[in-house]
Amino acid sequence: MTRVTVMTRPDPASLNDFNQAIIDEFRNNDGVVGGPFEGATLLLLHTVGAKTGKARLSPLAYLTVDGRMLIVGSYAGAPKDPAWVHNLRALPKAHVEVGTEAYDVEVRELPREERDELYAKIVEMAPTFAEYQANTDRVIPLFELTRV
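Below or above, wherever it landed, is the structure these notes cover. Computed from a prediction, not measured in an experiment: that's the story for all the values here. (Residues numbered from 1 in each chain as written. Predicted model: local features only at pLDDT ≥ 70, side-chain atom pairs only at ≥ 80, totals over all residues. Heavy atoms only, no water.)

Quick notes on helix H2 (residues 83-90)
Inclusion rule: A 1.4 Å probe rolled over the protein chains alone gives each residue an accessible area, and that area as a share of the maximum for its type sets the label: buried under 20%, exposed over 50%, partly exposed in between. Each helix corresponds to a stretch of at least 4 residues labelled H or I by DSSP, and each strand to a stretch of at least 2 residues labelled E; elements are numbered beginning at the N terminus. Picture the helix axis, draw a direction to every C-beta atom, and the arc is the one those directions span. We call two residues in contact when some of their heavy atoms are within 4.5 Å.
Listing the buried residues of H2 in full gives Trp84, Val85, Asn87 and Leu88. Buried positions in H2, seen along its axis, are confined to an arc of 160° and lie on one side of it. For H2, the exposed residues lying more than 90 degrees away from the buried face are Ala83 and Ala90. Looking at the buried positions of H2, the neighbouring elements they touch are strand E1 (42-48), strand E2 (55-65), strand E3 (68-72), strand E4 (93-98), strand E5 (101-109) and strand E6 (142-147).

Comments concerning helix H3 (residues 112-125)
The criterion, for reference: Each helix should span, by expectation, one fewer than its residue count multiplied by 1.5 Å.
With 14 residues, H3 should reach 20 Å at 1.5 Å per residue; the first-to-last C-alpha distance of 20 Å fits that figure. Those residues of H3 not exposed but buried are Arg115, Leu118, Tyr119 and Ile122. Along the axis of H3, the buried residues cluster in a sector spanning 115°; they form a single face. What points out from H3, more than 90 degrees from its buried face, is the exposed set Glu113 and Glu124. Against E2, E3, helix H4 (128-134) and E6 lie the buried residues of H3.

Some remarks on the side chain of Glu144
The cut-off we apply is this: Pairs of N or O atoms are called polar contacts if they sit within 3.5 Å, as long as, within protein, a hydrogen donor faces a hydrogen acceptor (for residues adjacent in sequence, only side-chain-to-side-chain pairs).
Tracing the backbone shows Glu144 in strand E6. Engagement of the side chain of Glu144 in a polar contact is seen with the side chain of Arg68, the distance being 3.1 Å. With sequence-adjacent residues up to four places away left out, Glu144 is seen in contact with Arg68, Met69, Leu70, Glu106, Val107, Arg108 and Leu110.

With respect to unusual backbone geometry
Here Asp30, not a glycine, exhibits a phi torsion of approximately 55°, which is positive. Residue placement: Asp30 occurs in the loop between helix H1 (12-28) and E1. At Ala76, a residue that is not glycine, the phi angle is positive and equals roughly 55°. Checked against the element boundaries, Ala76 lands in the loop between E3 and H2. For Ala76, a relative accessible area of 12% translates into the label buried.

Description of the pairing of E5
Note the threshold: Criterion used throughout: strands pair if DSSP finds at least two bridges between them.
Here E4 runs beside E5; their pairing, made up of six bridges, is antiparallel. Bridging from a neighbouring strand, Ala94 pairs with Val105 of E5. The hairpin turn running from E4 into E5, its antiparallel successor, is two residues long, and Gly99 in that turn takes a positive phi close to 60°. Here five bridges tie E5 to E6, and the two strands are oriented antiparallel to one another. Opposite Arg108, over in E6, you have Glu144 as the bridge partner.

In C-alpha cells:
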C-alpha cells in the first residue's frame with residue numbers, strides 16, 4: 001500500500017509556507033521527506049501559470065499504476081481543482097524533479113472512463129483518495145506524466 005497522509009486544506013496564506021518547507025526538505029534530502037509524507041513518493045511539479053505566465057512549483061504525491069506515473073488533482077477533497085490542474089489543462093507540459101532526477105514530461109488528463117478505472121486502483125493503493133473523492137462533488141482529475 002502506498003502511504004498518503006490524510007491532509008486538511010490549509011488556508012491559502014499558510015499553503016505557500018507549507019509547500020516551501022516540503023520543497024526545501026525534498027531538495028535537501030535527495031527527494032525524501034519526513035513528517036506526514038514519510039514513505040510517500042513525491043515529486044516537484046514545475047508548471048507555467050495559465051493566467052500569469054509565471055513559473056509555478058508544486059510538491060505532489062505521485063503513484064505508479066500499471067507502469068504509469070499518475071498525479072491526482074485531489075486538493076484534499078476541496079470543492080475546486082488545485083491551481084496546477086488549471087495550469088496543466090492550459091499547457092500540458094511540465095518539468096518534474098523526482099528523487100535526484102529532473103526531466104520534462106508531457107501531461108495527459110485521463111478521460112472519464114480511464115480515470116474511473118485507474119482511480120479505483122489508486123484507492124486500493126492509497127485509501128485516502130477515496131475519502132478525498134467522498135468530500136467533494138467534483139470528479140477528481142487524474143493526469144499521466146510521460147517523460148520526454
